[in-house]
Amino acid sequence: MAQLLSSSCSLTISSRNKPYLKPLNQCSTSFSIMVACNKSRLPFRRLSLQEQKPRRSSAVVHATAVSTSQEAPVQTSSGDPFKPQRVMVIGGDGYCGWATALHLSNKGYEVAIVDNLVRRLFDHQLGLDSLTPISSIQNRLQCWKSLTGKSIELYIGDICEFEFLSETFKSFEPDAVVHFGEQRSAPYSMIDRSRAVYTQQNNVVGTLNVLFAIKEFREQCHLVKLGTMGEYGTPNIDIEEGYITITHNGRTDTLPYPKQASSFYHLSKVHDSHNIAFTCKAWGIRATDLNQGVVYGVRTDETAMHEMLCNRFDYDAVFGTALNRFCVQAAVGHPLTVYGKGGQTRGFLDIRDTVQCVELAIANPAKPGEFRVFNQFTEQFKVSELANLVTKAGEKLGLDVKTISVPNPRVEAEEHYYNCKNTKLVDLGLKPHFLSDSLLDSLLNFAIQYKDRVDTKQIMPSVSWRKIGAKTKTVPA
């Protein structure tokens, strides 16, 4: 059953200085957008969506009828229903952030997205594009409000600019901050010197600013920070959740688990973890570090409600993750690109579990001064095992799927021991979506649906860990 919803909105950027109002005619729908520009050092302000009287040109949204108001909230560990809180999602326009922002809004949280939209710029700089067409963030949020009646506030700006972040904190007053707002690609950080420097400056400085903003403006705010399982590397011992108890020369202590990062991106995450741990100890900040595995999938209950809410789906060798890339390669008849021997083992999880894990962390916050570490994945696979699963699923759909071994562009062990603990989120109530034949079938059909958008030149890896240089790389015309 379909519904027709009509709405019109005005988008304004407020400022204490006298604004200059200009219409922007860059949206794919007929939403009216007004932007207030000024020469203040604070380049961006809160963006609020406000309904106005219908105009002649109004957006018509075709929606699937979905109940969004009857979902039960996550139960806290004490068993008490969790009360809606104000949650700031930094990086809410990205792959994990967008799905999380909608999920939390749907669950009854008051949500604000903070984003500088730089992820979209990366695509333009590198000549990349999402498999799925992505609407503007303004149109996405208007569509969400039209479907659900729920508003998500939007702040566009750079958290590395502390003045902007300060104003955002004082305006929204978050009870929890979910921090996805970092350059999240290991290959991107290894393109050249400038991208390596950008990755570390953006990630480390941005997280430091968030920590100072919490200390200055919202001392009880709970930081939920997206880390990565890549911080641990591939040690020849079991990987614990954040901490390990060791005995040395007759003495025993519980210490942070050793870090063995494998790119400038992963190193930025390691430094984030050290900074957060220090501020928890020194300032009493409460924080949860979610060391996430490799995410796959594209649909959540919320992003599937309308095509304008669709999440991005990266398949290129810079931003695409293994399973998503393999499904697209199978759909267009390109051999699956297994790096080296294919014995690299990692933790994986469905994006539906990403949003579930974040909600569980918010509903069961860390104590003041506590730095928790959760390993956020649901299953472990070798890369070659994923390729085999995609091959079998593709054959059922009539696809002729081949696999090739390509020279490994990374510096990593291609065969190794790997056994990670991941019990803490399960103990809080995580109900995993395990990789199944039906899910693979869904992903492959999704890739087939959009295969005309695939640029096959972006499939093979072009970034080498060993050949990274100081000269800035450019995209050939």
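Shown above is the structure to which this text applies.
One numbering rule holds for all chains: residues counted from 1, following each sequence as written. Local features in a predicted model are, by the rule used here, given only for residues with pLDDT of at least 70; side-chain atom pairs are given and counted only at 80 or more, and totals for whole chains, interfaces and linings are based on all residues. Values reported for side chains reflect all heavy atoms of the structure, with hydrogen atoms and water molecules removed beforehand.

Caption draft 1: Summary view of the side chain of Asp-93. Per the convention used, a helix needs a DSSP run of H or I reaching at least four residues, while a strand needs a run of E reaching at least two, with both numbered from the N terminus. Its place among the elements puts Asp-93 in the loop between β7 (86-90) and α1 (95-106). When accessible area is computed with a 1.4 Å probe and restricted to protein chains, residues below 20% of their type maximum are described as buried, those above 50% as exposed, and intermediate ones as partly exposed. In this structure Asp-93 comes out as buried when scored by relative accessible area, which is 6%. We call two N or O atoms a polar contact when they sit within 3.5 Å, provided that within protein one can donate a hydrogen and the other can accept it, with sequence-adjacent residues counted only if both atoms are side-chain atoms. Among the polar contacts made by the side chain of Asp-93, one reaches the side chain of Arg-140 at a distance of 3.1 Å. The residues touching Asp-93, leaving out its near neighbours within four places in the chain, are Trp-98, Ile-113, Asp-115, Leu-117, Arg-120, Ile-137 and Arg-140. Contacts: residue pairs with any heavy atoms within 4.5 Å of one another.

Caption draft 2: Layout of the sheet that holds strand β17 (residues 345-350). Across the sheet, three strands lie side by side as β15-β17-β19; this open sheet has mixed pairing. The open sheet is flanked by β15 (294-296) and β19 (379-382), the only strands paired with a single partner. The sheet shows a mean angle of 45° between the axes of neighbouring strands, direction not considered. Lines fitted to C-alpha atoms define the axes, with helix axes restricted to the stretch in contact, and inter-axis angles between N-to-C directions lie between 0 and 180 degrees. Sheet strands in contact with helix α10 (residues 383-396) are β17 and β19, and its direction is about 90° off that of β19. Pairing between strands is defined by DSSP: at least two bridges between them are needed.

Caption draft 3: Local environment of the pattern of salt bridges. Salt bridges are identified by distance alone: a Lys or Arg side-chain nitrogen within 4 Å of an Asp or Glu carboxyl oxygen. Counted under the stated rule, the structure contains 25 salt bridges. A salt bridge links Asp-192 to Arg-195; the shortest N-O distance between them is 2.8 Å. When its relative accessible area of 0% is taken as the criterion, Asp-192 is described as buried. Notably, a salt bridge pairs Asp-314 with Arg-312, separated by 3.1 Å at the nearest N-O pair. The buried category is assigned to Asp-314, whose relative accessible area is 4%. Accessibility expressed as a relative area gives 5% for Arg-312, which makes it buried. What emerges from the salt-bridge pattern is a single network uniting Arg-119, Asp-123, Arg-184, Arg-312 and Asp-314.

Caption draft 4: Spatial organisation of the packing of aromatic side chains. Working definition: a ring pair exists when centres of Phe, Tyr or Trp rings (six-membered ring for Trp) sit within 6.5 Å. Plane angles under 30 degrees give stacked, over 60 give edge-to-face, the rest tilted. As enumerated under the stated definition, the model contains 10 aromatic pairs in all. Residues Phe-313 and Phe-446 carry aromatic rings whose centres are separated by 5.8 Å and whose planes lie at 35° to one another, so their mutual orientation is tilted. Taken together, the residues Phe-313 in the loop between β15 and α8 (322-331) and Phe-446 in helix α12 (residues 437-449) connect sequence positions 133 residues apart. Taken as a pair, Phe-313 and Phe-446 share a single burial class, namely buried. Grouped by ring-pair contacts, the aromatic residues Phe-122, Tyr-188, Tyr-198 and Phe-319 constitute a single cluster. Only when the NZ of Lys or the CZ of Arg is both within 6 Å of the ring centre and within 35 degrees of the ring normal is a charge said to sit over the ring. Across the ring face of Phe-319, the terminal group of Arg-119 is positioned such that the distance to the ring centre comes to 3.7 Å. The ring of Trp-98 has Arg-140 sitting right over it, with the charged end atom 4.4 Å from the ring centre.

Caption draft 5: The arrangement of the packing of helix α6 (residues 193-217) against helix α7 (residues 264-283) in detail. Packing of α6 against α7 brings their axes to within 9 Å, and their N-to-C directions diverge by 15°. Relative to α7, the element α6 lies roughly parallel. In the crossing of α6 with α7, the sense of the turn from one axis to the other is right-handed. Along its contact with α6, which presents Ala-196, Thr-199, Gln-200, Asn-203, Val-204, Thr-207, Leu-208, Leu-211, Phe-212 and Lys-215, the element α7 presents Phe-264, Tyr-265, Leu-267, Ser-268, His-271, Asp-272, Asn-275, Ile-276, Thr-279 and Trp-283. Put simply, Ala, Val, Leu, Ile, Met, Phe, Trp, Tyr, Cys and Pro go in the nonpolar bin, Asp, Glu, Lys and Arg in the charged bin, and everything else, Gly too, in the polar bin. When its residues are assigned to classes, the contact of α6 with α7 shows 10 nonpolar, eight polar and two charged. When describing relative orientation, an angle under 35 degrees is termed roughly parallel and one over 145 degrees roughly antiparallel, while 65 to 115 degrees is termed roughly perpendicular and anything else oblique. Throughout, a crossing is termed right-handed when the near helix is turned clockwise from the far one, and left-handed when it is turned anticlockwise from it by less than a right angle.

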